[in-house]
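Spelled out from the first residue to the last, the chains are:
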Amino acid sequence: MSSILTNNGAMVALQTLKTINMDLEGLQSQISTGKKVANASDNSAVWAISKTMESDVNGFKAVSESLSLGKSTVAVAQSAAESVTDLLIEMKEKIAAATGDNVDRGQIQQDVDALRGQITSVVEAAQFNGLNLVDGSVAGGSTDVLASLNRSSDGTVSPSYITVAGQNLGTGGYVAANVFNTNTTGITAANDGFATNVATAGTASIELDGSVLSAGDLLNLRIGDADVTYTVTASDVAATSTTEAVAIGLKNAIETQSGYAAADLSVDYDASALATTDTIVITNNTGGSLNISGQYQNAGSGLLGTLASIDVTNLSDAQTALSNIDNLIEAATGAAAAFGSVQGRIESQSEFVSNLSDSLTSGIGTLVDADMEKASARLKALQTQQQLGAQALSIANSAPQSLLSLFR
């Protein structure tokens, strides 16, 4: 049956043409953006996965930068340790000469002092971006280099690190010493320091032992986000009670350097019954928990601290120095070897992160990138279908006109 009111052929042709135009519009979007999944409406599941992977790739860029910084820092330290080793070997030659007869030990001592000065310059200059790994100044004895971002099965992301141990080729360093003693509040001095978390209205009692302190030693506390340092003076050591003098000095340093008001953080010291120990009591009234940690830096430790005692002005001291210099050479070569090992690990991790980032980027492309060859072929087909659809609609629209011939 033919009707001038309802043109079924035109409706079918119109719907077909609409479908072709929608497909053509989507294909043109793929061609212009280069992506088959450009937003969540294209494919929500694939889009979400790709965005998670993109965030990981961006995270690995930061990891790569951290590894590059760590590699450069370790390379500087390794170069310094190798230079120190060479200078110590040269110094050993001078010391060996001083153990002979009929030599000018005074002149040899000047040469030894000059080499010691050169070693000092090398150690002090061996810093990169403010971090010196060879002078014993690294708090805690090591530093961490961000090495990876690990995503667990539940989606949780956690960082992992490569730990770089600092080497003490300088005049002082954080060393194991019983300066901070174990006390009843639970703060334990494990080797070179302690760490504790003080609850609101709680107290931390820090025992000091002055029997091992010397002028130039450094006490370092971290209270919350503030760093507090106190350097032991000659007058502290000469005082009737070295520990009490240091306790008073450290108390004043906490009050002036911590940045906390007296109402929020009160500090006092309580002399114990023992002659060598005094206790600093820190009371937390900040309204929240407070992390407190401490470390001790011995001014007399380190390679340069030992090297300062090298004396070849007489035969006996020269023979002693010859024995000691081998230990120092061993320490310097050990430091260089340690840095070389960790540098190799950093380089390997850096290469892995680079390859992993490339693999993730390739995977993202597989998920969301458009196949341009396929898109080109489909574009031709859709353009042809569009032309045929328009022609079919034109034919369908002209069909009612043929009914006029029935009424002539």
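Conventions used here
Residues numbered from 1 in each chain as written. Predicted model: local features only at pLDDT ≥ 70, side-chain atom pairs only at ≥ 80, totals over all residues. Heavy atoms only, no water. Helix = DSSP H or I, 4+ residues; strand = E, 2+ residues; numbered from the N terminus. Buried < 20%, exposed > 50% of the residue type's maximum accessible area, 1.4 Å probe, protein only. Areas by Shrake-Rupley, 256 points an atom, 1.4 Å probe, with all protein chains shown as cover. pLDDT = per-residue confidence, 0-100. Contact = heavy atoms within 4.5 Å. Patch = residues over 30% accessible without salt bridge, like charges linked within 9 Å, V, L, I, M, F, W, Y side chains within 5 Å. Salt bridge = Lys/Arg side-chain N within 4 Å of Asp/Glu carboxyl O. Lys, Arg positive; Asp, Glu negative; His and termini not counted. Charge placed at Lys NZ, Arg CZ, Asp CG, Glu CD. Axes fitted to C-alpha atoms, helices over the stretch in contact; angles between N-to-C directions. Parallel < 35°, antiparallel > 145°, perpendicular 65-115°, else oblique. Left-handed = near helix turned anticlockwise from the far one by under 90°. Nonpolar A, V, L, I, M, F, W, Y, C, P; charged D, E, K, R; others polar. Expected span 1.5 Å × (residues − 1).

## Re the overall build of the protein
Counting its secondary structure elements, the protein contains eight helices and 13 strands. Per-residue burial for the protein yields a buried fraction of 36% across its 408 residues. Surface summary for the protein: the accessible area is close to 21400 Å², and the carbon and sulfur share equals 51%.

## Let's talk about the confidence of the model for the protein
Averaged over every residue, the pLDDT of the protein is 80; the share at 70 or more is 89%. Throughout residues 181–191 the model reports pLDDT below 50, and contacts reaching past four residues in sequence, or to other chains, amount to 26 contacts.

## Observations concerning unusual backbone geometry
The backbone of N102 sits at a positive phi, close to 55°, despite the residue not being glycine. With respect to the helices, strands and loops of the structure, N102 is situated in the loop between α2 (44–98) and α3 (105–125). Its identity as a non-glycine residue notwithstanding, N129 has a phi of 55°, on the positive side. With respect to the helices and strands, the residue N129 is situated in the loop between β1 (127–128) and β2 (131–132). The class of N129 is exposed, set by a relative accessible area of 63%.

## Remarks on a negative patch on the surface
A contiguous patch of negative charge, built from E82, D86, E90 and E93, is present on the exposed surface. Under the relative-accessibility criterion, E90 is labelled partly exposed at 37%.

## A word on the packing of helix α1 (residues 8–33) against helix α8 (residues 372–398)
Following both chains from N to C, one finds α1 and α8 inclined at 155°, their axes separated by 9 Å at the closest point. Viewed along their axes, α1 and α8 adopt a mutual orientation that is roughly antiparallel. Crossing geometry of α1 relative to α8 is assigned as left-handed. Residue classes in the contact of α1 with α8 are distributed as 16 nonpolar, seven polar and two charged.

## Topic: α1
For α1, spanning 26 residues, the distance from its first C-alpha to its last is 38 Å, which sits close to the expected 38 Å at 1.5 Å a residue. The complete set of buried residues in α1 reads A10, A13, L17, I20, L24 and L27. Next to the buried residues of α1 lie α8. G34 occupies a position one or two residues after α1 and carries a positive phi of about 80°.

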